[in-house]
Amino acid sequence: MKHSSVDLLLLLLTIAVLTSPVYSDLVLSKVERRIDVTSQIARVTKTLKVVNSGSESVSEFILTFPKFLGNNLAYLSVSHSEGKGKSKRSLVKLSVKAANLKGVPDSISVYSVALPKALTKGDTLTLEVVAAFTNVLQPFPEKISQRDIHLVMLQESAQYLSPYAVESQSLSIKLPNARIESYTNLDGTKLQGTELKYGPYKNLPQYSYSPIVVHFESKAAFAVAEKLVREIEVSHWGNVQVTEHYNIVHRGAQLKGEFSRLDFQGRPPSGVSAFRHLLARLPPRAHSIYYRDDIGNISTSQMQSDSKKTELLIEPRFPLFGGWRTFFTIGYGLPLRDFLFASEGKRFLNISFGSPMIDLVTEKLIVQVVLPEGSKDISVTTPFAVKQSQEIKYSHLDIAGRPVVVLEKNNVVPDHNQYIQVYYKFSNINLLSEPLMLISGFFVLFITCIIYTRADFSISKSSAIYLAKLHWDEVLATVQEVQNIIHKCLATHDKLESSLRDLSRTGDIQTCKAARKSTDSLLKDLSKELKPLLTFLQSSSSASQISPKVEELITKEKELQEKLMAKHTTVVEGYEKKSSGRDIENRIASQQQKIIALRQEIEDLLEFIDEI
Amino acid sequence: MAGKQDSPNSDLLNSFSFKSLKLKTKQQELLIRVSILGLVYILAFIARLFSVLRYESMIHEFDPYFNYRTTLFLTEKGFYEFWNWFDSESWYPLGRIIGGTLYPGLMVTAALLYWTLRFLRFFVHIREVCVLTAPFFASNTTIVAYFFGKEIWDTGAGLVAAALIAICPGYISRSVAGSYDNEAVAIFALLLTFYLFVKAVNTGSLAWALGSAFGYFYMVSAWGGYVFIINLVPLYVLVLLITGRYSMRLYVAYNCMYILGMLLAMQIRFVGFQHVQSGEHMGAMGVFLLMQVFYFLDWVKYQLNDTKLFQTFLKITVTSAVLVGGIALGVGTASGYISPWTGRFYSLLDPTYAKDHIPIIASVSEHQPTAWSSFMFDYHILLFLFPAGLYFCFKRLSDATIFIVMYGLTSLYFAGVMVRLILVATPAVCLISAIAVSATVKNLTSLLRTKQKVPQAGSTKGAGSSKSSSKVSLDQSQPFQKNGAIALLVGVFYLLSRYAIHCTWVTSEAYSSPSIVLAARGAHGNRIIFDDYREAYYWLRQNTPTDAKIMSWWDYGYQITAMGNRTVIVDNNTWNNTHIATVGRAMSSYEDEAYDIMRSLDVNYVLVVFGGVTGYSSDDINKFLWMVRIGGGVYPVIKEPDYLVNGEFRVDKGASPKMLNCLMYKLCYYRFGELVTEYGKPSGYDRARGVEIGNKDIKLEHLEEAYTTSNWIVRIYRVKPPTNRL
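Every chain is numbered independently, its residues counted from 1 as its sequence is written. Ligands are numbered from 1 and chains lettered from A, in the order in which they are written. Side-chain atom pairs in this predicted model are given and counted only at pLDDT of 80 or more, local residue features only at pLDDT of at least 70, and totals for whole chains, interfaces and linings cover all residues. Side-chain measures were taken over the full set of non-hydrogen atoms in the model, leaving aside hydrogen atoms and water.

Some points on the overall build of chain A
Working definition: helices are DSSP H or I runs of at least four residues, strands are E runs of at least two. Numbering for both runs from the N terminus. The helix and strand tally for chain A stands at eight helices and 32 strands. Along the three orthogonal principal directions, the C-alpha set of chain A runs to about 150 × 60 × 60 Å. Relative accessibility thresholds used throughout: buried, under 20% of the residue-type maximum; exposed, over 50%; partly exposed, between the two (1.4 Å probe, protein chains only). Taking all 612 residues of chain A together, 49% fall into the buried category. Carbon and sulfur atoms provide 55% of the accessible area of chain A, an area that totals close to 29,800 Å². Mean positive and mean negative side-chain charge positions of chain A (73 and 66 charges, respectively) differ by 6 Å. Accessibility throughout is a Shrake-Rupley quantity obtained with a 1.4 Å probe, and a residue counts as covered only by protein chains that appear here. Positive: Lys, Arg. Negative: Asp, Glu. His and the chain ends are not part of the count. A charge is said to be at NZ when it belongs to Lys, at CZ for Arg, at CG for Asp and at CD for Glu.

Here it is, written out as structure tokens:
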């Protein structure tokens, strides 16, 4: 056992330092320690009552941990309670920093706490210390088979290691509700249910240390994210998009031997050391949630949401045994109004720092806050120290790129899930730039299309093909014109016909004659217009196919015109002679038939020409 | 286009405005045509998105995973790295020269699309580009089909062809979103080459022939199916020569296309000098030489006026040309300069060839001869329209229609030989069917139109006229004809709508499954997803050493390298038959013999696919006989009869002892005997084969179970290190 020897060494060292000079006059009148090991994180809460027994005033308080714990210290917060009485205690956080003390051996980590005000002689102060340690629950044995339960070991000291003398101290360890293999039995050790109690010990000298080891079963998921990249992208169109990339590993006892699916599915004690689920507690109103990895979507996840929170239960593709790892990505959108606020002409994003996963230890957390393109004067405030840098990220339709604030922190525990603020300046005009880009892109596209169809891009303007094409276009235009005129003529014919009908209804010969006169002149004009067009068609070589048809059309139209005129005259004459309607009809019957036939022919011709 | 509604009682004003609209018929027609094409373009794209909707945006099946992996490599490392890529992750310990053994067209296309999109500031993921490449090219194919149809018939046929090919299941089966395979771009390239060549033959223009050569180059870079082009085009030229349709246009088109196409094709490393050295390409060269002889003779005939002299000259020239050609071919083949036809080519000409000689080709399901039902499934009404189209083509025979007829008939033959070649026949079938549809509809509507004139003209005569009775008697046959035409038109549109419905159904139900993710319906109609493949591959990716070598049957090789990111012994690029046979031998040997083989190949993990729990039938036990055959083909110690009982393949108690104790059996059924799969059945009941297994007490000596997926579909075993000998 590696650690026992370390402990022994430590103990010897501690005894050695016991003889070192008294560091301060402070005395801890009462120390209560509670260690919670129900999850993979050992969470230590201490209440320290500090009394200054010396004469000098003290403004610094020293916290010490054995090195093997101090190295795994993920989170440390010291606060002191203000106000008297238990009812209205408000905790004030104190600043803590790692320190180096002369005369303290290497096996002890030292942190110094700046006290809110100097303690003068006889003053007392109550400090609340919360510390979270990762990796201190050592799996033992280190390799287990699928059937075995997961046993872990905790090493601590029954007595509080401190550079100050302690008058009274007690320790309680909260164990998970499962088997307890063994624990160090000292005087006054009591096991009450799942709570293991040591002490109280009275009047301990400085640097007291008495190692204890607790060996017990842990059912907690030892899920550790070796690396977690959280990308928080702010869009001023109303969305904060969060994308989280997890590299998860099970840091518990490693699986040895076979993995048997049969046992895992069938027999309950098998595979208890593995975890199948991870629970993420997302902010309320999270939407568009997805869960995928390098090779695609993972369909095993469940979501529950209410107004307070959104719970996402995700199941990796395979159960994770000790030493197994997996990688996945989850993403979700959040409404912008819940997270983005304005203050003093600046905007700030107020968002949680850590991972939303319950009881997840993150060894390396990288938070990238992607701000909209054109953001300026960026600053970040965080409740604890993080490494900061800036990058540029290119996303859809970006030209200058989006500024990215990168925050890095190692060894992150859920206690770090505190809000950070990213301040920046952004003008709303910039919002329009991307739609405008799209609009102008399409505009340019259409303009080029228009130019392309309108402009003449042929290289040789004198080539035969080019000239023939030009000529052909001209011919087509002429034919079109001829058609137009013919249609006009037909329309005039219709007018004439309608005048005849009016005549039969009203018997008004004068209007009918007037109509006749006007159509006459109109038709004359039209036929005049037709002449040059026809000569052009006849002269052009490429129109040799069309021109006979056009000619035919025109002659047919002329014929129709004549017939119509004849019919008109007959009818009008008939009315003038006051002949009976029946008589007139008889007289024009043959003409009428011809007119219809001609009309039909003309329409056929028109259609034929149309199809060329 | 039948936009001429008849309104017998329309007044003059109405008919006048109608006429004035008609003045712009040209533009109207253009507008309708462009919008139809636009809609067809979009339709072709979105019909292929069913797979994304039903599953997700992912790469499908087997080969696409390799293509995806290489595309990823290309976009990350650049073209030169890609071209010189030696992949040590596959075919361990041989490796594979990727750059020299693939058709890079697809990857380069996708990478270019990707880079273009990035240049336009669309930062998409390469996976999305790969997934959507096939639908995009299918859309482009519809445009080519339109122009092709226009070239061989008229614009109407072009439009119908575009619409038919947009949703034809035969094409959709290989071009749904995610089906990132060579065929996705190759069909586009194939049709483009053919279209440009026909255009070149029709116009005799060098420019079109050049375009066709480039189309051919693209096709060569994309798919091995280019051999079809290089044989069909000479065959077509030959037919034109024989039928006396030789022209200068043909001469220009073929020579330019062949020479330039050949030179360009040689730039593809995988193809190299095959155009001058391989038997499959000799036909094209022969026709090229024949063409020169023909031209020469033509010239001589022009110079000589004496026909008798010319006849003798013709005899001498033709005989000597054929002799010289024959001798050259014989010498080339004998000296080994010209390689003989490959097995794949033989198996096309003789469908039974592969079964006897190359089990590895015969073992692939898509290389099986096509069943009638799959023709019906993939073509639906096109199967009936195709002969009708052929009739129309023969009725209006031209250079272009001869081409499409030849393309249709040859490709349909190949489609009958191999299931996957239905794809090649699809464009031809669509085009010829489009001719049938378009010609029929056109004839019918023109019949209807002439009829419409008469009542219209009658109405212009005005009210109160009863004289038209004589006219009615004149056109007595017409009403009946008109009704018949209407009935036929309705019938055509009914058929076409059935076709559309069938295509949509087939696409959504049959062709959109990625086959990586299996979906089934539960007892309550809910959808159950079996995602075991990815579960296993992802487990390999995350929980095995990065240099682990995985042995599995070759079907899963590409997927393991792409998704599991681990080295495999064999994969889907079946280039080394011996290596595959070694794996087949290991799978079909006893465990200790297999252990020696696996040790010699440095195998760390063995992966098998097993469907006994879920009833998934395409698993390794059902493929096992192929492993035996392929293994036995190289290693005679493996004998197929050892695994059969009275010629029957079984896994229950009656199975042969060798079968019950071979590695594959042990790995598939390890501890399966303790599992109750179905209520009311004994433990160890194999649901895929419906029997209780014969060997329930399987002990593994040299391997141990490393992982089995939640539905037992993929089982992975770890090869134990040898025990210490003290």
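So, a nonpolar patch on the surface
The residues that make up patches have over 30% relative accessible area and no salt bridge, and they are joined within 9 Å when like-charged or within 5 Å when they are Val, Leu, Ile, Met, Phe, Trp or Tyr. Any carboxyl oxygen of Asp or Glu within 4 Å of a side-chain nitrogen of Lys or Arg constitutes a salt bridge here. On the surface, a cluster of nonpolar side chains totalling about 730 Å² of accessible area is made up of A:Leu438, A:Phe442, A:Leu445, A:Phe446, B:Phe119, B:Leu120 and B:Phe122. Ranked by the residues each element gives to the nonpolar patch, the list is headed by helix H4 (residues 433–454) of chain A, at four residues. Among the secondary structure elements, A:Leu445 is positioned in helix H4.

What about the UniProt feature "domain: Oligosaccharyl transferase STT3 N-terminal" (unreviewed entry) in chain B?
UniProt positions are given in the numbering used here, feature names are shortened, and annotations may be inferred rather than shown by experiment. According to UniProt, the positions carrying the feature "domain: Oligosaccharyl transferase STT3 N-terminal" (unreviewed entry) are residues 36–432 of chain B. Between the C-alpha atoms that bound residues 36–432 of chain B there is a distance of 20 Å. The span itself is 74% helix and 1% strand.

Regarding the side chain of B:Asn182
Structurally, B:Asn182 is set in helix H10 (residues 182–203). We call two residues contacting when some pair of their heavy atoms lies within 4.5 Å. The residues touching B:Asn182, leaving out its near neighbours within four places in the chain, are B:Asn67, B:Tyr103, B:Leu106, B:Ala222 and B:Trp223.

Description of the pairing of strand E28 (residues 361–370) of chain A
Residue and element names in this part refer to chain A. By the criterion of burial, E28 is predominantly enclosed, with eight of the 10 residues buried. In terms of strand pairing, strand E17 (residues 223–235) meets E28 through eight bridges, oriented parallel. Considered in E28, the bridge of Val-224 is made with Val-361. Two strands are said to pair when DSSP picks up at least two bridges between them. Relative to strand E31 (residues 402–412), E28 is paired through eight bridges, and the arrangement is antiparallel. The residue bridging Thr-362 from the neighbouring strand is Val-412, located in E31.

Some thoughts on the pattern of salt bridges
Across all of its chains, the model carries 60 salt bridges over all chains by this definition. Note that A:Arg402 is salt-bridged to A:Glu434, the shortest N-O span being 3.6 Å. On the criterion of sequence distance, the pair formed by A:Arg402 in strand E31 and A:Glu434 in helix H4 is long-range, its members being 32 residues apart. We note that A:Arg402, like A:Glu434, is buried. Salt-bridge contacts for B:Asp531 lead to B:Arg534; the nearest nitrogen and oxygen are separated by 2.9 Å. Assessed through its relative accessible area of 11%, B:Asp531 is described here as buried.

A few points about helix H5 (residues 464–506) of chain A
Compared with the 63 Å implied by 1.5 Å per residue over 43 residues, the 62 Å span of H5(A) between its first and last C-alpha is a close match. After H5(A) finishes, the residue A:Gly507 shows a positive phi value of roughly 80 degrees. The length a helix should cover is 1.5 Å for every residue beyond the first.

Quick look at the sheet that holds strand E11 (residues 151–157) of chain A
All names here are of chain A. Reading across the sheet, the four strands line up as E9-E11-E16-E13 and stay open at both edges, with antiparallel pairing between neighbours. Each of the sheet's edge strands pairs with one partner strand only, and the pair in question is strand E9 (138–139) and strand E13 (180–183). Direction of pairing for E11 relative to strand E16 (residues 211–217): antiparallel, over a ladder of seven bridges. When the sheet's bridge partners are listed, Val-152 is paired in E16 with Phe-216.

Remarks on the interface of chain B and chain A
It is common to give the size of an interface as the accessible area that goes away when the parts come together. Residue-level contacts link 42 residues of chain B with 46 residues of chain A. For the pairing of chain B and chain A, the buried interface totals around 4,300 Å² over both sides, and the portion due to carbon and sulfur atoms is 49%. Linking chain B with chain A are four salt bridges, by the criterion used here. Across the pair B:Asp531 and A:Arg317 runs a salt bridge, and its minimum N-O distance is 3.2 Å. Counting of polar contacts relies on pairs of N or O atoms within 3.5 Å, with two restrictions inside protein: one atom must be capable of donating a hydrogen and the other of accepting it, and residues adjacent in sequence are counted only when both atoms are side-chain atoms. On inspection of chain B and its partner chain A, the count reaches 22 residue pairs in polar contact (both at pLDDT 80 or more). Those elements giving two or more residues to the side of chain B that touches chain A turn out to be helix H1 (12–22), helix H2 (25–47), helix H23 (422–460), helix H26 (532–543) and strand E10 (703–708) of chain B. Tallying contributions element by element places H26(B) first for the side of chain B that touches chain A, with seven residues. Any residue that is not Ala, Val, Leu, Ile, Met, Phe, Trp, Tyr, Cys, Pro, Asp, Glu, Lys or Arg is counted as polar, Gly included; the first ten are nonpolar and the last four charged. Residue classes in the side of chain B that touches chain A are distributed as 17 nonpolar, seven polar and 18 charged. Put simply, buried area is how much 1.4 Å-probe accessible surface two parts lose in total, over both of them, once they are put together.

Some words on the confidence of the model for chain A
Residue and element names in this part refer to chain A. The pLDDT value tells you how sure the predictor is about a given residue, anywhere from 0 up to 100. Averaged over every residue, the pLDDT of chain A is 85; the share at 70 or more is 94%. At the low end of the mean pLDDT range in chain A sits helix H1 (residues 2–18), at 48; at the high end sits strand E18 (residues 239–250), at 95. This stretch, residues 1–6, has a pLDDT under 50; its non-local contacts, to residues over four places away or in other chains, come to four contacts. In this model, residues 15–22 is a region of pLDDT below 50 whose contacts with residues beyond four sequence positions or in other chains number six contacts.

Points about the environment of B:Ile404
Residues and elements named next belong to chain B. With respect to the helices, strands and loops of the structure, Ile-404 is situated in helix H22 (residues 399–417). A relative accessible area of 0% places Ile-404 in the buried class. Residues Ile-404 and Tyr-391, spaced 13 residues apart in sequence, show a C-alpha to C-alpha distance of 12 Å. If we ignore the near neighbours within four places in the chain, the residues touching Ile-404 are Phe-148, Ile-152, Cys-393, Ala-428, Leu-431 and Ile-432.

Some remarks on the environment of A:Met153
Residues and elements named next belong to chain A. Tracing the backbone through its elements, the reader meets Met-153 in strand E11. Using a relative accessible area of 7% as the deciding quantity, one classes Met-153 as buried. Sequence-wise, Met-153 and Val-272 are 119 residues apart; in three dimensions their C-alpha atoms are separated by 17 Å.

Re the UniProt feature "domain: STT3/PglB/AglB core" (unreviewed entry) in chain B
Residues annotated by UniProt as "domain: STT3/PglB/AglB core" (unreviewed entry) correspond here to residues 550–607 of chain B. End-to-end, the C-alpha atoms of residues 550–607 of chain B are 7 Å apart, and along that stretch the chain is 52% helix and 12% strand.

Quick look at helix H27 (residues 557–564) of chain B
Residue and element names in this part refer to chain B. When you tally the buried positions in H27, you get eight out of eight residues, the bulk of the element. When H27 is considered as a whole, its buried residues turn out to be Gly-557, Tyr-558, Gln-559, Ile-560, Thr-561, Ala-562, Met-563 and Gly-564. Note on H27: the residue one or two positions beyond its end, Asn-565, has a positive phi of about 55 degrees.

Some words on the packing of H5(A) against helix H6 (residues 509–539) of chain A
Residues and elements named next belong to chain A. Where H5 contacts H6, the two axes come as close as 10 Å, and the packing angle between them is 165 degrees. Between H5 and H6, the interaxial angle falls into the category roughly antiparallel. In the crossing of H5 with H6, the sense of the turn from one axis to the other is left-handed. A per-class count over the contact of H5 with H6 returns 19 nonpolar, six polar and five charged. The convention used is that axes are lines fitted to C-alpha atoms, helices contributing only their stretch in contact, and that angles between N-to-C directions extend from 0 to 180 degrees. For classification purposes, angles smaller than 35 degrees are called roughly parallel, those larger than 145 roughly antiparallel, those between 65 and 115 roughly perpendicular, and all remaining angles oblique. For any pair of crossing helices, the crossing counts as left-handed if the nearer helix is rotated counterclockwise from the farther one by less than a right angle, and right-handed if it is rotated clockwise.

Here we look at the packing of helix H4 (residues 63–77) of chain B against helix H6 (residues 105–119) of chain B
Residue and element names in this part refer to chain B. For the pair H4 and H6, the least separation of the axes is 9 Å and the interaxial angle reads 50 degrees. Viewed along their axes, H4 and H6 adopt a mutual orientation that is oblique. Remark: the crossing between H4 and H6 carries right-handed chirality. Counted together, Asn-67, Thr-70, Thr-71, Leu-74 and Thr-75 of H4 and Leu-106, Met-107, Val-108, Ala-110, Ala-111, Tyr-114 and Trp-115 of H6 form the full contact between these two elements. Here the residues of the contact of H4 with H6 sort into eight nonpolar, four polar and no charged.

Remarks on the domain arrangement of chain A
An automatic or database domain assignment provides the domain bounds reported here. Taken domain by domain, chain A holds domain 1 (25–82 + 91–217), domain 2 (223–431) and domain 3 (464–611). If you average the C-alpha positions of domain 1 of chain A and of domain 3 of chain A, the two centres end up 112 Å apart.

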